[in-house]
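Residue strings, one per chain:
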Amino acid sequence: MERGNFGSKIGAVLASAGSAVGLGNIWRFPTECGSNGGAAFILIYLMCVFFLAMPVMVAEFVIGRSSHSNVVGSYRVLAPGKPWVVSGFMGVLAGFLVLSYYSVVAGWTLDYTCESLVGNLMSGSDFGQHFNDFVSSPWRPALFLTVFLLLTHYVVATGVEKGIERYSKIMMPLLLLIIFVLAAFSLTMPNAMEGLRFLLTPDFSKVTKDVVISAMGQAFFSLSVGMGTLATYASYFNKETRLFSSAVGVCTIDTLVAVSAGFIIFPAVFSVGVSADSGPGLVFITLPYVFQEAFGGVPVLEYIFSGLFYVLLLLAALTSSISMHEICTAYIHETFKLSRPKAATIVTALCLLMGIACSLSFGLWKEVTVMGKGFFDLFDFITAKFLMPLGGLLICTFVGWDMNKKLVAQELDSRFTPLLMVLFSWVAPIGIGIIFIYGLISG
Ligand code: PHE
């Protein structure tokens, strides 16, 4: 079967960075930072990125590009008959689960984008009430979730080069531009330095083992590693794409965006003097207040800036959801020999059903729980605590210990190969293993 390919190196890096940069950077990173010791968290996070998540990313690139196959197929090509293929199946399952709950928040973002563009989020409303009414209503979030999934579907069904690469090349530069404009503006607001101080003053007394567990979880989620997303993308890389330097590029862009999101949110929040909420409340309740307070006298500015912010969030969510969809679509397309649009339709339909279940867990199905959790929290728990770290562990161990050494070196083709081999074989598996087990024990 003719396989898709990214037409250019820059397309490959932008698509991978698009997968990495998402709601995780703009919404989750600032709140994790705020509640886990500011700069102390950033420091631990950077160590997790460098020693644990980045090696998994390079290992995924090696697996994907050397096999030219989807996550499950790649183990069948590289290690036929061996049990590593289980890690591929875990990746497809994780792709389905993450896409299902991620699309719910992305759907909220789409609703807020539309509402801000028609001026509905302007001064005067009780934003807390507005948000709670919205997420607990059965229809509206489901409708926006559906529209969001259809947008994702469209890009994936259109193909690797004409869909994923083309739209990443448009959306990523736009996203970077918006983020820098918003950060520059936020940093010039009165009292902005208070917010920066909050973000950048390390509070080591807050650093406990839970913080280390959160930092690793955040690093894996934010860089999209551990479930084969980037292995799938790397299977479309051409031979000229340098795997290690591309991974360094993706990690740098992702970290810059996360830190810039902190530079947008905290100075603005401190400047207008509202308390920095955490979780969904931060972007859907606190920020509308911030926009209202900051631009109260000049509605046009309130309109422009809230619009820009939600468009930013939407673009980030879309380039990420595309990559999760692609893990599952590539698997179905290649394994069952269905056309790409047909495979994509199956994925979209299944995710829609599971996404609606997640969405309803905020309202109508609040009482429906499995292991004490609603669907949304359950899917988040299974993937973040279990599938992603375990997947990362297996991916590194496979490349470090079992995969043909010559092939790995040939794919890497870098003077850092010996260092990377130590990271794959020892540092990453041991580090991830210890944090993973602690995470399980502490619940
Ligand atoms: N990295 C994305 C984000 O930060 C989320 C994601 C996770 C995407 C796993 C793909 C796979 O939002």
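Structural data are supplied above this passage.
Quick notes on the rules
Residues numbered from 1 in each chain as written. Predicted model: local features only at pLDDT ≥ 70, side-chain atom pairs only at ≥ 80, totals over all residues. Heavy atoms only, no water. Near = heavy atom within 4 Å. Polar contact = N/O pair within 3.5 Å; in protein donor to acceptor, adjacent residues only side chain to side chain. Areas by Shrake-Rupley, 256 points an atom, 1.4 Å probe, with all protein chains shown as cover. Helix = DSSP H or I, 4+ residues; strand = E, 2+ residues; numbered from the N terminus. Phe/Tyr/Trp six-rings, centres within 6.5 Å; stacked < 30°, edge-to-face > 60°. Buried < 20%, exposed > 50% of the residue type's maximum accessible area, 1.4 Å probe, protein only. Lys NZ or Arg CZ within 6 Å of the ring centre and 35° of its normal. Contact = heavy atoms within 4.5 Å. Patch = residues over 30% accessible without salt bridge, like charges linked within 9 Å, V, L, I, M, F, W, Y side chains within 5 Å. Salt bridge = Lys/Arg side-chain N within 4 Å of Asp/Glu carboxyl O. Expected span 1.5 Å × (residues − 1). Bend = angle between axes of the 7 residues up to and from the residue. Axes fitted to C-alpha atoms, helices over the stretch in contact; angles between N-to-C directions. Left-handed = near helix turned anticlockwise from the far one by under 90°. Nonpolar A, V, L, I, M, F, W, Y, C, P; charged D, E, K, R; others polar.

Novice: How should the site of the ligand be read in this particular structure?
Specialist: Surrounding the ligand, one finds 16 residues, the nearest of these being Ala20, Gly24, Tyr102, Phe221 and Ser224. Between the ligand and the protein, one listed contact pairs an oxygen atom with a side-chain N or O atom of asparagine 25 at 3.3 Å. Take serine 224: an N or O atom from its side chain is 3.0 Å from a nitrogen atom of the ligand. For the ligand, whose accessible area on its own is 330 Å², the fraction buried by protein is 100%. For the shell around the ligand, the secondary-structure elements that each account for two or more residues are α1 (9–20), α2 (23–35), α10 (209–222) and α14 (299–335).

Novice: Would you take a moment to explain the packing of aromatic side chains for this structure?
Specialist: Note on aromatic pairs: each is described by the distance of the centres and the angle between the planes. Per the counting criterion, the structure on display carries 37 aromatic pairs. Their ring planes at 45 degrees and their centres at 6.2 Å tell us that tyrosine 102 and phenylalanine 221 sit as a pair that is tilted. Taken together, the residues tyrosine 102 in helix α5 (residues 85–117) and phenylalanine 221 in helix α10 connect sequence positions 119 residues apart. By relative accessible area, which is 4% here, tyrosine 102 ends up buried. An aromatic cluster is defined as three or more aromatic residues linked by ring pairs; in this entry it consists of Tyr101, Trp108, Tyr112, Phe131, Phe134, Phe284, Phe291, Phe309, Tyr310, Phe362 and Phe376. Positioned over the ring face of phenylalanine 221 is arginine 28, at 5.1 Å from the centre of the ring. Over the ring of phenylalanine 381 we find lysine 373; its NZ or CZ atom is 4.6 Å from the centre of that ring.

Novice: What should I look at first to understand the side chain of serine 116 in this one?
Specialist: Structurally, serine 116 is set in helix α5. Among residues more than four places away in sequence, those in contact with serine 116 are Leu121, Tyr303, Ser306, Gly307 and Tyr310.

Novice: What should I look at first to understand the side chain of serine 222 in this one?
Specialist: Residue placement: serine 222 occurs in helix α10. Once residues lying within four places of it in the same chain are set aside, the contact partners of serine 222 are Ala20, Val21, Asn25, Tyr45 and Asp254.

Novice: Could you clarify how one ought to interpret the environment of leucine 282 in this entry?
Specialist: Mapping leucine 282 onto the fold places it in helix α13 (residues 280–295). Distance in space between the C-alpha atoms of leucine 282 and valine 269 is 9.6 Å, their sequence separation being 13 residues.

Novice: I'm lost on a nonpolar patch on the surface in this one. Help?
Specialist: Where nonpolar side chains cluster on the molecular surface, the patch consists of Met47, Phe50, Phe51, Trp401, Val422, Trp426, Val427, Ile430, Ile434 and Tyr438 and spans about 980 Å² of accessible area. Elements supplying a minimum of two residues to the nonpolar patch: α3 (39–67) and α18 (417–441). It is α18 that provides the largest number of residues to the nonpolar patch, a total of six residues. Along the chain, phenylalanine 51 falls in helix α3.

Novice: Looking at this structure, how should I read the environment of leucine 145?
Specialist: Structurally, the position occupied by leucine 145 is in helix α7 (residues 140–158). Exposure remark for leucine 145: the relative accessible area of 0% places this residue in the buried category. In this structure the C-alpha to C-alpha distance between leucine 145 and lysine 206, which are 61 residues apart in sequence, comes to 37 Å.

Novice: It is not clear to me how α14 should be interpreted in this structure. Could you clarify?
Specialist: Quick reminder: α-helices carry 3.6 residues per turn. Residues three or four places apart thus point the same way. Between its first and last C-alpha atoms α14 spans 53 Å; for 37 residues at 1.5 Å apiece the expected length is 54 Å, and the two agree. Along α14, the largest kink reaches about 25 degrees and is centred on glutamate 326. Burial of α14 is extensive: 29 of the 37 residues sit out of reach of the surface. Count one or two residues on from α14 and you reach lysine 337, which has phi positive near 50 degrees.

Novice: Help me understand α1, please; the structure alone is not making it clear to me.
Specialist: Taking 1.5 Å of rise per residue, the 12 residues of α1 would be expected to cover 16 Å, and the 17 Å separating its terminal C-alpha atoms lies within 8% of that figure. Counted residue by residue, α1 has 10 buried out of 12 residues, so it is predominantly covered. Of all the residues in α1, the buried ones are Gly11, Ala12, Val13, Leu14, Ala15, Ser16, Ala17, Gly18, Ser19 and Ala20.

Novice: Is there a simple way to think about unusual backbone geometry in this case?
Specialist: Most of the time, phi is negative for any residue but glycine, and the peptide bond is trans. Here the phi dihedral of serine 224 falls at roughly 55 degrees; this positive angle occurs in a residue that is not glycine. Judged by relative accessible area, which is 8%, serine 224 ranks as buried.

Novice: What exactly am I supposed to notice about the packing of helix α6 (residues 127–136) against α13 here?
Specialist: The angle between the axes and the distance between the axes are what describe a pair of packed helices. At their nearest, the axes of α6 and α13 sit 9 Å apart, and the two run at 145 degrees to each other. For the pair α6 and α13, the sense of crossing is right-handed. When α6 is examined against α13, the residues Phe127, Gly128 and Phe131 are found in contact with a partner set consisting of Pro280, Phe284, Ile285, Pro288, Tyr289 and Gln292. Partitioned by chemical class, the residues of the contact of α6 with α13 number seven nonpolar, two polar and no charged.

Novice: How should the environment of leucine 177 be read in this particular structure?
Specialist: By secondary structure assignment, the location of leucine 177 is in helix α8 (residues 160–187). You can call leucine 177 exposed: its relative accessible area is 54%. Distance from leucine 177 to leucine 314, taken between C-alpha atoms, is 14 Å for residues 137 residues apart in sequence.

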